[in-house]
Amino acid sequence: DVPTTSEDADHGYDDGGSILSSLAIGGLVLGIHEGPERGWGDWLTLTGLIIGAVALVGFVVWELRRSNPLLDVRLFADRALASGTLTLMLVFGIMFGMFLVLFPFFQAVLGWSALRSAVGLLPMALAMMPMSTIAPQIAARIGRRATVLAGIGIMGTGLVLMALRASVDGGYLSVLPGLIGLGLGMGLTMTPSTEGITESLPLEKQGVASALNDTSREVGGAVGIALLGSILSAGYASQIESVTETLPEDVAEPINDGIGGAFAMAPQLGEQGPAVLDAARHAFVDGWVQSMWVAVGMAAFAFAYVALRGPRSSPSPLSTT
């Protein structure tokens, strides 16, 4: 029989915690999204970051004073739960940020169709799926912390490969090794991290574990898209400005906004069109490389945290069977 995991509790909904958590996530995502483009001193960036930070502190204080909190923040004293949550947040931030920038690379830089672009991601998926299946067996033999560290290390190596090799002229082969490394590393990391969260809580709290697991992925994805996407946009804009500074403002503005604008304006530029498109492709890749180095930093932070504060675990008895 499958045991019940429902919690027998009768209490009201934590309205204050819900509002504060929404303000915290929304404010931080807004600030992170606008910072690279508008500047970190811009009023909108600062407003988002300040509201997010104040709401986050308020959420922690509020939850600590509640007898029935939306999320008991004391749970993060558990090494396995804290490191699993942080790792999933950063891994999904990198993955969703990668999805955001890869499709424009395939379609705008390489000239691929939407279907071919989707097929181009298959090597990453084909590497990730079998690795996530065998990750629990690897963790049982060498320990969860060592497995997660290996996964983050492989993922970081894949990011470094893409940051160093990505180019307009190199095409798909310039990013393929990095994609495979990403898939292998993510597959090796995600399952043990999820197990770290679920095994840290008792049976009647598995609903909380599931919600925390899902929330860490969603928050990480939102922050990753905002951060890596805005860094890409800012990098592109800084590179393309030298090309568009001599163009009329009504033409230059869409081109500066993104590579899609360059494709839209190119037919109006006559003989200049191909040169502007080529410059836009190179500017896009330059911005993408900048975002990849930020992703490398995110992976390095996750690696350091797990190395220092990861679960104290040893290989399971299964490793001797």
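Above this text you will find the structure in question.
Below or above, wherever it landed, is the structure these notes cover. (Residues numbered from 1 in each chain as written. Predicted model: local features only at pLDDT ≥ 70, side-chain atom pairs only at ≥ 80, totals over all residues. Heavy atoms only, no water.)

What about the overall build of the chain?
Secondary structure assignment for the chain yields 11 helices and 0 strands. Along its sequence from the N terminus, the chain presents helices and strands in the succession α-α-α-α-α-α-α-α-α-α-α. Overall size of the chain, expressed as C-alpha extent along the three principal axes, is 70 × 50 × 35 Å. Out of the 321 residues belonging to the chain, those deemed buried represent 45%. (Helix = DSSP H or I, 4+ residues; strand = E, 2+ residues; numbered from the N terminus. Buried < 20%, exposed > 50% of the residue type's maximum accessible area, 1.4 Å probe, protein only.)

Points about helix α2 (residues 43–65)
Compared with the 33 Å implied by 1.5 Å per residue over 23 residues, the 33 Å span of α2 between its first and last C-alpha is a close match. All buried positions along α2 are accounted for by Leu44, Thr45, Gly48, Gly52, Ala55, Phe59 and Glu63. Buried positions along α2 lie against α1 (15–38). With a side-chain oxygen lying 3.0 Å from the backbone nitrogen of leucine 44, the N-terminal cap of α2 falls on aspartate 42. (Expected span 1.5 Å × (residues − 1). Contact = heavy atoms within 4.5 Å. Polar contact = N/O pair within 3.5 Å; in protein donor to acceptor, adjacent residues only side chain to side chain.)

A closer look at empty space enclosed by the protein
Here the idea is plain: a probe the size of a water molecule rolls over the atoms and shows the empty space left. Applying the stated criterion to the full structure yields 1 cavity of 30 Å³ or more. Within this model, the largest cavity holds a volume of roughly 50 Å³. What lines the largest cavity is Ala80, Ser83, Gly84, Thr87, Arg144, Val148, Pro192, Ser193, Val306 and Pro311. At 4 residues, helix α3 (residues 79–109) tops the list of elements feeding residues into the lining of the largest cavity. The residue makeup of the lining of the largest cavity, split by class, is 5 nonpolar, 4 polar and 1 charged. (1 Å grid on protein atoms, 1.4 Å probe; cavity = no way out; pocket = protein on both sides within 12 Å on 5 of 7 lines; lining within 4 Å. Points joined across faces, edges and corners; volume = space filled by probe spheres on them. Nonpolar A, V, L, I, M, F, W, Y, C, P; charged D, E, K, R; others polar.)

Details of the packing of α3 against helix α11 (residues 273–309)
It is the contact of α3 with α11, at a shortest axis distance of 10 Å, that shows an interaxial angle of 170°. Looking at the two axes, α3 sits roughly antiparallel to α11. In this structure, α3 crosses over α11, and the sense of that crossing is left-handed. Among the residues forming the contact of α3 with α11, the class breakdown is 23 nonpolar, 3 polar and 3 charged. (Axes fitted to C-alpha atoms, helices over the stretch in contact; angles between N-to-C directions. Parallel < 35°, antiparallel > 145°, perpendicular 65-115°, else oblique. Left-handed = near helix turned anticlockwise from the far one by under 90°.)

A word on the environment of methionine 95
Tracing the backbone shows methionine 95 in helix α3. Linking methionine 95 and glycine 221, residues 126 residues apart in sequence, is a C-alpha distance of 7.4 Å. Those residues within four positions of methionine 95 in sequence are excluded, and the remaining contacts are Met128 and Met186.

Notes on the environment of tryptophan 293
By the secondary structure assignment, tryptophan 293 is in helix α11. Between the alpha carbons of tryptophan 293 and methionine 162 there is a distance of 9.2 Å; along the sequence they are 131 residues apart. Not counting residues up to four positions away in its chain, the partners in contact with tryptophan 293 are Val160, Ala163 and Leu164.

Side note on α3
Here α3 contains 31 residues, and its C-alpha end-to-end distance of 43 Å stays within 8% of the 45 Å for a straight helix at 1.5 Å per residue. Buried residues dominate α3, accounting for 24 of its 31 residues. The opening residue of α3, the one whose side-chain oxygen lies 2.9 Å from the backbone nitrogen of alanine 80, is aspartate 78. Positive phi appears at glycine 111, one or two residues downstream of α3, with a value of about 80°.

Note that every value here comes from positions in space, so none of it alone points to a role or purpose.
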